Structure formats: C-alpha cells, structure tokens
Amino acid sequence: MRAAVYYGQEDVRVEDIEEPEGPAANEVRVAVEACGICGSDLHEYTAGPIFIPDEGEPNPVTGEELPIPMGHEFAGEVTEVGEGVSNISVGDHVAVNPIIYCDECQHCEAGNYHLCESGGFIGLSGGGGGLSEEVVVPEEKAITLPDSIPTEYGALVEPFSVGFHAVQTSDFSAGDSVAVYGTGPIGLTVIQVLQAAGAGTIYGVEPQDSRRHLASEVGADKTINPIETDAAEYITEQTDGGVDVAFEAAGIEQTVQDAIASTAPSGNITIVSIFEETVELNPNEFVMGERTLSGTLAYEGGPQSDEEFGAVIGMFESENLDPEALISSRIKLENVVEDGFEALLSPEQEAVKILVEL
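Residues numbered from 1 in each chain as written. Predicted model: local features only at pLDDT ≥ 70, side-chain atom pairs only at ≥ 80, totals over all residues. Heavy atoms only, no water.

Per an unreviewed UniProt entry, the chain carries the name (R,R)-butanediol dehydrogenase/meso-butanediol dehydrogenase/diacetyl reductase and comes from Natrinema hispanicum. Of the comments in the UniProt record for the chain, the one headed Cofactor (unreviewed entry) reads "Zn(2+)". If you open the UniProt record of the chain and go to Sequence similarities (unreviewed entry), you find "Belongs to the zinc-containing alcohol dehydrogenase family." (UniProt positions renumbered as here; feature names shortened; annotations may be inferred.)

So, in structure tokens, the structure goes:
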C-alpha cells in the first residue's frame with residue numbers, strides 16, 4: 001500500500017510499504033479516507049525527530065523507530081473486524097483516536113493515558129499512520145461517526161479535541177473574557193469551543209491576515225495584528241486590566257510573554273503549543289499577580305478515547321462547531337510533500353488545514 005513515511009528532517013517519502021497485519025482480537029482494519037496535516041507533523045518535518053522515535057531509540061510501547069508512517073488526524077471506513085469486537089461493524093465510518101499508552105505507568109493507572117510515560121501517538125510513535133491507505137487499530141481507538149457527518153470531517157475530530165481539551169483543562173468559565181494568541185488550526189478550534197461554551201469577549205491575536213479574518217468568522221469578537229499593534233497593551237486597555245483567561249497557540253517566546261502580560265491578576269494562561277526552543281519567563285508575573293500558567297496536551301485516550309472525541313463529534317452534529325471552516329484545500333497522498341508540508345510552511349501560502357484524501 002502507499003504511505004507517507006518519515007525518514008528525518010525534511011525527508012518524507014511517499015512509497016510502497018507492506019499492509020498492516022491483522023486485525024487481531026479486539027482490533028479493526030480501517031481504510032483511510034482522509035488525514036489532516038498537523039502542526040506537530042510540521043515540527044517533525046522541520047526540526048524532528050521530536051515525538052517520532054529516532055534510530056536506535058524505539059518507542060517503548062510500539063517497539064518502532066524511524067522510518068515511521070506519518071499521520072495522526074484521520075478517519076475512514078472499517079473494512080474488517082477481529083474476534084471479540086462488539087461495538088463496531090464492517091462498513092462503519094470512524095475517527096481514530098491515536099493515543100498510544102503502556103497501561104502500566106502511574107499516569108495510566110490514574111486514567112491519564114494521554115500523559116503515559118512511554119506512550120505517544122499513532123502516526124508519530126508507530127502503530128501505522130493515517131497517511132497510509134490502511135491502518136489496523138484497537139477497537140477502543142475507533143470512534144464511530146454518525147451518518148450525518150462526512151467521513152472527511154472525522155479527520156478534524158482530533159484537532160478539535162485538542163482545542164476542547166485545552167478549554168476543559170483551563171480555568172475558563174462561561175462569560176470570561178479570553179485572548180487567544182495564534183489563530184492557526186488549534187487556535188481556531190479553541191476559539192470555536194470557547195464560543196460554544198459561552199465565552200465573553202474573545203480576542204484573537206494573529207499576524208497573518210487570512211487567519212485573522214478566519215478567526216473573526218469562527219467566533220473572535222476582536223482581532224489584532226501584533227505587527228501593527230501592541231496586543232498585550234491593547235487587550236489590557238480594552239479589558240481594564242486584562243482578560244480572565246489566555247491561550248497560547250503560536251509556540252514562540254513573544255506570544256507566551258504577551259499572553260501573560262494581557263491576563264488579569266488571578267487569571268490563567270494555558271499553553272497549547274509544542275515548542276522547538278526554550279523561552280524566558282519572569283516568575284514575578286505570576287507571583288505579583290497570582291496568575292497561573294498551565295499546559296495542556298492532546299485529549300483523553302485509552303478506555304476514555306471516546307469521551308472528548310465523542311463530545312466533539314456531537315458538537316459537529318449539532319453544528320456548534322464548524323470543521324469545514326478550517327479546511328483550506330484537499331490534496332492527494334502523492335502530493336503530500338509539495339502541496340502539503342511545503343505549502344503549509346511557505347510564507348506565501350495562506351493555508352490553515354490541508355486534508356489529504358486517500
């Protein structure tokens with residue numbers, strides 16, 4: 001079968017690989033129909049391996065190391081089920097929760113499977129990848145899509161679950177004023193979830209015109225170009241002291257510092273980004289204002305795989321979230337490097353979310 005395989009920095013190859021074995025007991029085979037390219041995939045492409053296990057350092061759960069088939073935002077049709085599968089049938093369309101976990105560490109024992117000490121994600125840590133024609137996964141990871149939702153939207157359940165989890169784990173309450181720094185795919189999902197959850201004024205901070213415009217379309221009340229306006233100063237003035245909650249979704253030092261500076265005393269800053277470099281922080285910003293800084297990673301996995309995925313699917317079905325708004329283009333697997341990775345990294349391009357059709 002055809003797959004996009006990661007070999008190292010700026011080295012992703014679309015090539016023939018062997019079809020996955022199985023399905024074994026409690027597993028299902030999924031014919032992938034659509035897969036998104038995530039910001040994490042771009043980090044791996046430009047600066048990895050990060051989550052992807054390097055040569056000689058296999059992932060403890062999968063036992064795999066690069067080269068690894070990529071893709072962790074994907075959906076498709078179930079074509080075969082293994083013995084013992086009871087909740088999924090051949091012909092079902094599913095979104096795949098890619099969390100991989102050991103089920104033995106303290107985090108797994110506490111039910112925090114997404115924080116597993118040895119875990120990772122399908123498409124980054126082994127176990128196949130959504131940028132492949134077929135994937136075999138445990139039944140618990142295959143979350144059924146209702147007939148009313150196009151299967152390709154199932155590939156967007158994963159990034160929206162990141163935004164949903166970020167809001168859930170922050171100190172946000174309905175009516176709070178909020179600043180979102182970075183309105184790329186994840187920032188946009190955060191904005192949509194916040195609006196659906198009853199946020200007060202939402203400020204979106206983004207230098208790219210097209211993304212700033214899209215932020216307005218999906219729920220931001222006010223948008224700011226930080227190149228032209230001091231975002232932290234503007235937000236602080238507009239809110240008479242700062243927002244209740246801020247989300248950092250850009251992954252650079254300046255946005256972290258601005259998110260802190262624009263948050264009111266006793267407010268919360270939640271970092272959603274993955275960083276390629278360390279950043280400087282002034283602890284006095286937290287001490288003197290009793291602000292809190294928290295991080296958020298992914299979404300619930302393991303036996304809870306359907307909880308946040310299921311909530312997002314329900315919000316797709318009720319139209320409280322709009323996955324179509326994020327899709328910039330649809331491309332073929334054979335063109336995933338040039339029209340996918342390179343397009344998303346090009347300063348001339350304005351793509352937000354590119355879906356790969358298989």
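*Asks:* Could you give an account of the pairing of strand β5 (residues 73-81), naming the residues involved and the relevant values?
*Replies:* Regular strands place their side chains on alternate faces of the sheet. Of the strand pairs in this sheet, strand β3 (residues 27-36) and β5 are connected by eight bridges, and their pairing is antiparallel. Following the sheet pairing, Ala31 is matched in β5 by Glu77. Relative to strand β6 (residues 93-96), β5 is paired through three bridges, and the arrangement is antiparallel. Bridge pairing in β6 places Gly76 opposite Val94. (Pairing = 2+ DSSP bridges. Helix = DSSP H or I, 4+ residues; strand = E, 2+ residues; numbered from the N terminus.)

*Asks:* Please give an account of the packing of aromatic side chains that cites residues and values.
*Replies:* With the rule as written, the count across this model stands at five aromatic pairs. Centre to centre, the rings of Phe160 and Phe316 are 5.2 Å apart; their planes meet at 90°, and the pair counts as edge-to-face. Here Phe316 lies in helix α9 (residues 305-317) and Phe160 lies in helix α3 (residues 157-169), a separation of 156 residues in the sequence. In this arrangement the basic side chain of Arg13 is found over the ring face of Tyr7, its NZ or CZ atom lying 3.7 Å from the centre. (Phe/Tyr/Trp six-rings, centres within 6.5 Å; stacked < 30°, edge-to-face > 60°. Lys NZ or Arg CZ within 6 Å of the ring centre and 35° of its normal.)

*Asks:* Explain the domain arrangement of the chain to me, using residue names and the numbers behind them.
*Replies:* Domain annotation for the chain reports domain 1 (2-158 + 299-357) and domain 2 (171-295). Taking only C-alpha atoms, the centre of domain 1 and the centre of domain 2 are 28 Å apart. Each partner contributes residues to the interface: domain 1 has 16 residues there, and domain 2 has 14 residues. Carbon and sulfur atoms supply 64% of the area that domain 1 and domain 2 bury against each other, a total of about 1300 Å² over both sides. Ranking the residues of domain 1 by area buried against domain 2 places His43, Leu326 and Val352 at the top, with a combined share of 37%. (Domains from an automatic or database assignment. Contact = heavy atoms within 4.5 Å. Buried area = accessible area lost by both parts, 1.4 Å probe.)

*Asks:* Mind laying out the UniProt feature "domain: Enoyl reductase (ER)" (unreviewed entry) in the chain, listing which residues take part and the relevant values?
*Replies:* If you check UniProt for "domain: Enoyl reductase (ER)" (unreviewed entry), the listed places come out as residues 8-356 in our numbering. The straight-line gap between the two end C-alpha atoms of residues 8-356 is 20 Å; of that span, 26% is helix and 24% is strand.

*Asks:* Talk me through the side chain of Thr296; I want residue IDs and the actual numbers.
*Replies:* As for its position among the elements, Thr296 is in the loop between β16 (292-295) and α9. Within polar-contact distance, the side chain of Thr296 engages the side chain of Thr169 at 3.4 Å. Dropping the residues within four chain positions of it, Thr296 is found in contact with His165, Ala166, Thr169, Thr270, Ile271 and Val272. (Polar contact = N/O pair within 3.5 Å; in protein donor to acceptor, adjacent residues only side chain to side chain.)

*Asks:* How would you explain the sheet that holds strand β12 (residues 202-205) if you had to name every residue and give the values?
*Replies:* Judged by pairing direction, the sheet is parallel, and its six strands sit side by side in the order β13-β12-β11-β14-β15-β16 without closing on themselves. The sheet is open, and its two edges are formed by β13 (222-224) and β16, each paired on a single side. Sheet twist, expressed as the mean angle between neighbouring strand axes with direction ignored, is 20°. Pairing of strand β11 (residues 178-181) with β12 involves four bridges; the strand directions are parallel. (Axes fitted to C-alpha atoms, helices over the stretch in contact; angles between N-to-C directions.)

*Asks:* Explain the packing of helix α1 (residues 39-47) against helix α10 (residues 336-345) residue by residue, including any values.
*Replies:* Taken N-terminus to C-terminus, the directions of α1 and α10 make an angle of 90°; their axes are 10 Å apart at the nearest point. Compared by their axis directions, α1 and α10 come out roughly perpendicular. For the pair formed by α1 and α10, the contact residues are Asp41, Leu42, Tyr45 and Thr46 on the first element and Val337, Phe341, Glu342, Leu344 and Leu345 on the second. A class-by-class count of the residues in the contact of α1 with α10 yields six nonpolar, one polar and two charged. (Parallel < 35°, antiparallel > 145°, perpendicular 65-115°, else oblique. Nonpolar A, V, L, I, M, F, W, Y, C, P; charged D, E, K, R; others polar.)

*Asks:* So, the pattern of salt bridges: which residues are in play, and what are the values?
*Replies:* Applying the stated rule across the entire model yields 10 salt bridges. One salt bridge in this structure joins Arg2 and Glu334, with 2.9 Å as the shortest N-O distance. Within this pair, whereas Arg2 is found in strand β1 (residues 2-8), its partner Glu334 is found in the loop between β17 (327-332) and α10, the two being separated by 332 residues in sequence. On the accessibility criterion, Arg2 (23% relative accessible area) is partly exposed. What makes Glu334 partly exposed here is its relative accessible area of 46%. Asp11 is the salt-bridge partner of Arg13, the closest N and O atoms lying 2.9 Å from each other. Salt bridges sharing partners connect three or more residues here, namely Arg2, Asp16 and Glu334. (Salt bridge = Lys/Arg side-chain N within 4 Å of Asp/Glu carboxyl O. Buried < 20%, exposed > 50% of the residue type's maximum accessible area, 1.4 Å probe, protein only.)

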